[in-house]
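A closer look at the structure
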Amino acid sequence: MTEFPFDAVIFDCDGVLVDSEPITNRILADMLGELGWAISPAETMRIFLGKAVKDEAAVIQARTGFAINAEWMAQFRQRRNKALDRELVEIPGAPATVRALHKALDGRIAVASGADLHKVEMQLAKIGILDCFAGHVFSGHDLPRSKPHPDVYLAAAATLGVDPSRCAVVEDTVTGATAALAAGATVFGYSPHHPGHSSAEALRQIGVAHVFQEMRDLPALLAEWSTPDVRN
């Protein structure tokens, strides 16, 4: 992969590198049920996919009458993290893809997630790729605005020393892709036709550059990419 057409690659985490959404949304559905909102994991994915739970406090309060607080969020994270530690698996092909792109770009890769930093780093460690992102893991929780705002992608690009327009971003949700597009990046949508990801049609409708289904195909797809926006 000489003459790589991007200066950096930035990954979302949940649903792109790790298959966490079914687990997280099962725990969320359980806890919302305890508050009186009878909701299935599939429905929580429809409502909350790609969004931080804390940012949807108004939705939860409207359905349950309960204003989520720090104690409730801490309990949610504890139960979620325990389930993730027990059940989490990688997206097929993700570790090999990350290592190939880390090598191709001399380490200019990052993770930009809407989840809390502890969760993101725990998940990357569990599938054995945290070392590829040392110092380059970013959480929307640490910024004034999370996805769908571009802040987390702008922060990642700045730390990598790369103009956002020279970055390829890998996202699997409309919320995340909207954030990356707003940052000015070229966005590649991962949509493998499984629960926990936005549909290929939905991703195309908001303007992602390309939709793909197999993570192992990504290094070659990026290496061969050619558009007026990313050529010198």
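Below you will find a few notes about this structure. (Residues numbered from 1 in each chain as written. Predicted model: local features only at pLDDT ≥ 70, side-chain atom pairs only at ≥ 80, totals over all residues. Heavy atoms only, no water.)

**Concerning the packing of aromatic side chains**
What the rule picks out here adds up to six aromatic pairs. On the basis of an interplanar angle of 55° and a centroid distance of 6.3 Å, the ring pair of W37 and F48 is categorised as tilted. One end of the pair, W37, is in the loop between α1 (21-34) and α2 (41-48); the other, F48, is in helix α2, and 11 residues separate them in sequence. Each member of the pair, W37 as well as F48, carries the same accessibility label: buried. A connected cluster of aromatic rings, assembled from ring pairs, spans F6, F188 and W225. (Phe/Tyr/Trp six-rings, centres within 6.5 Å; stacked < 30°, edge-to-face > 60°. Helix = DSSP H or I, 4+ residues; strand = E, 2+ residues; numbered from the N terminus. Buried < 20%, exposed > 50% of the residue type's maximum accessible area, 1.4 Å probe, protein only.)

**Quick word on the pairing of strand β2 (residues 109-113)**
Counted residue by residue, β2 has five buried out of five residues, so it is predominantly covered. Where strand β1 (residues 8-11) and β2 come together, three bridges link them in parallel fashion. Pairing of F11 across the sheet is with V111, part of β2. With three bridges joining them, β2 and strand β3 (residues 137-139) adopt parallel strand pairing. (Pairing = 2+ DSSP bridges.)

**Side note on the pairing of strand β5 (residues 186-190)**
Here β5 lies mainly inside the structure; five of its five residues are buried. The alternating pattern of β5 places T186, F188 and Y190 on one face and V187 and G189 on the opposite face, and all of these are buried. Bridge analysis of strand β4 (residues 167-171) against β5 gives four bridges, and the strand direction is parallel. From the neighbouring strand, V169 faces β5, where its bridge partner is V187. In terms of handedness, the path from β4 via helix α8 (residues 174-183) over to β5 forms a crossover that is right-handed. (Right-handed = clockwise from strand over helix to strand, strands pointing away.)

**Quick look at the nonpolar core**
Judged by nonpolar contacts, the single largest core of 53 residues is most densely connected at V9, F11, L17 and F133. No other element matches the six residues that α1 contributes to this core. Look past the residues within four positions of L17 in its chain and what remains in contact with it is F11, D12, E90, I91, A94, V98, V111, L124, I127, I129 and F133. Formed by 23 residues, the second largest nonpolar core is a distinct cluster that contains V152, C167, V187 and V211. (Core = buried A, V, L, I, M, F, W, Y, C linked by side-chain atoms within 4.5 Å. Contact = heavy atoms within 4.5 Å.)

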